[in-house]
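# Per-entry structural report
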Amino acid sequence: MDWQRNLLISAMVLVLALLYIRWNDFQAEHRPLQESSVREAVVVPEVAVPSVPTSESEGAIPQVASEAGTAEVNAATSRLVTVTTDVLEVTIDTYGGDIVRTALLQHREGLDPGSDPLVILNRSSNHTYIAQSGLIGPDGTDSEGKRPQFVAEQDSYTLGAGQESVVVPLMYRQGSALITKEFVLRRGDYLLDVNYRIANHGSDDWRGHFFAQIQRDTWEPPAGDGFGMQPYLGAALTTPDENYKKVKFKDLADSPFTTEKVGGWVAMLQHYFISAWVPDQNLQHSYALRKLGNRDLYTFGLTSPQTLVAPGSEETITASFYVGPKDQHRLAEIASHLDLTIDYGWLWWVAKPIFALMTFIHSLVGNWGWTIILLTVFIKLVFYKLSATSYRSMAKMRKLQPEMVRLRELYGDDRQKLSQEMMGFYKREKVNPMGGCLPILVQMPVFIALYW
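The following paragraphs examine the structure supplied in this document.

Reading the values: rules and limits
Residues numbered from 1 in each chain as written. Predicted model: local features only at pLDDT ≥ 70, side-chain atom pairs only at ≥ 80, totals over all residues. Heavy atoms only, no water. Salt bridge = Lys/Arg side-chain N within 4 Å of Asp/Glu carboxyl O. Helix = DSSP H or I, 4+ residues; strand = E, 2+ residues; numbered from the N terminus. Buried < 20%, exposed > 50% of the residue type's maximum accessible area, 1.4 Å probe, protein only. Phe/Tyr/Trp six-rings, centres within 6.5 Å; stacked < 30°, edge-to-face > 60°. Lys NZ or Arg CZ within 6 Å of the ring centre and 35° of its normal. Expected span 1.5 Å × (residues − 1). Arc of directions from axis to C-beta. Polar contact = N/O pair within 3.5 Å; in protein donor to acceptor, adjacent residues only side chain to side chain. Core = buried A, V, L, I, M, F, W, Y, C linked by side-chain atoms within 4.5 Å. Contact = heavy atoms within 4.5 Å.

### Describing the pattern of salt bridges
- The tally for this structure, following the rule as stated, stands at 14 salt bridges.
- The partner of E89 in a salt bridge is R101, with the nearest N and O atoms 3.2 Å apart. Of this pair, E89 sits in strand β2 (residues 88–93) while R101 sits in strand β3 (residues 98–108); the two residues are 12 residues apart in sequence, bridging distant segments of the chain.
- You can call E89 partly exposed: its relative accessible area is 23%.
- Residue classification places R101 among the buried positions, given a relative accessible area of 6%.
- The shortest N-O distance in the salt bridge between D193 and R186 comes to 2.8 Å.

This is how it looks when you write it as structure tokens:
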């Protein structure tokens, strides 16, 4: 018996060694980025804006160009403006008015409560993930290699106690037009309003198109332990044909994707978190997703119909940008089908009702641990009859095992005769050999849906 003990000890040592190796791999995968890559904000951005529309008629839907150059920035005048609410810290570059960094203050980089807030958008020397917006067209402020230099009244804005929202105005004088790019952040919300107020003080009409896009490289943040189903990382949008369409980086490397839709949205997805541009839902927008030349850089964006501002009048263009956790209920409120970005897998029709039940239980008990326990008890009660049937069938099969062994010994050389005798035996005893398996198979979709 010594060899059995030694074998058991050796197996335990091997398992411990494998666990130690796997733990080291896990730590390496989940190690936060170096401080330079998380905190650094490069002043000179990479700029790729849509081209000037080919048609300037009222309501024209412009198309997106293929490649844009790198803008030159006056580092002496460009500066970063920080906006802080109770859930978000947003950094805006006054050159172009782009969102170049977002930190989720209620989510952390690590399990330690004292760790840094989780950074989603970031513009650094080795990682690009930003949200851009602007105006293109005959009187637009943005073009290939040129962005407006906005003026901000302050370097930082904070949502104060008792305030429900904070407004960040960026001003730009374009000839006889005064353009104000306004960011509105609200308490407890990850949705930002981005408004363009165009006041035309000249004698001619002002014409332009609003565009918005997410620009990102393919860097993949740590999302799991390497086992099981890996979360999707890439773009998604809603189209006239599909409520939820994924567009992978490798597909865009082969060819761009374009579509047009009334309302809609375009998003960048990663595990648990999402960023998305949501334009005016009453207008038809042109959506374009593409790779920028030979660089590891992609844009997912939209262009809105032409806006005309008559002399002596003012018009406002509105859009929204969401950056935060995949909150199913909040996303459903923001835009149609945006909640589909929460991937429940192919068994979504089972997973969504289970999640709805789980949310309801949590609203009663207020604790996710007890919610999971009660949900498990509820599911076990629902499948109690199936489970009981399965256990009874397996117990009966165990009782009949001696007779089954005798039949195999008696007719082991005649497979056909053995099959006939076994089927007759099952029929006489009123037992189904699959009775112990079928109830378990029926329950499998529920457990797979729970895993997702």
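### Concerning the packing of aromatic side chains
- Counted under the stated rule, the structure contains 7 aromatic pairs.
- The positively charged end of R216 is found above the aromatic ring belonging to Y129, 4.9 Å away from the centroid.

### Thoughts on helix α6 (residues 368–382)
- Taking 1.5 Å of rise per residue, 15 residues should cover 21 Å, and α6 covers 21 Å from first to last C-alpha, within 8% of that figure.
- For α6, the set of buried residues is T371, L375 and I379. Seen along its axis, α6 keeps its buried residues to an arc of 65 degrees; they face one direction. Turned more than 90 degrees from where α6 packs its buried face, W370 and L381 sit exposed.
- Here α6 starts with a cap whose side-chain oxygen sits 2.8 Å from the backbone nitrogen of G369, and that cap is N367.

### Regarding the nonpolar core
- In terms of nonpolar packing, the biggest core is built from 84 residues, with W277, L289, F300 and L338 touching the most fellow members.
- In contact with L289, other than residues within four places in its own chain, are A235, L237, V247, L252, P256, F257, V266, T299 and F300.

### Examining helix α9 (residues 415–429)
- Counted at 1.5 Å a residue, the expected span for α9 with its 15 residues is 21 Å, and the 21 Å between its end C-alpha atoms agrees.
- Along α9, the residues classified as buried are L418, M422, F425 and Y426. Looking down the long axis of α9, one finds its buried residues gathered within 95 degrees of arc, a one-sided arrangement. For α9, the exposed residues set more than 90 degrees away from the buried face come down to Q416, M423, K427 and R428.

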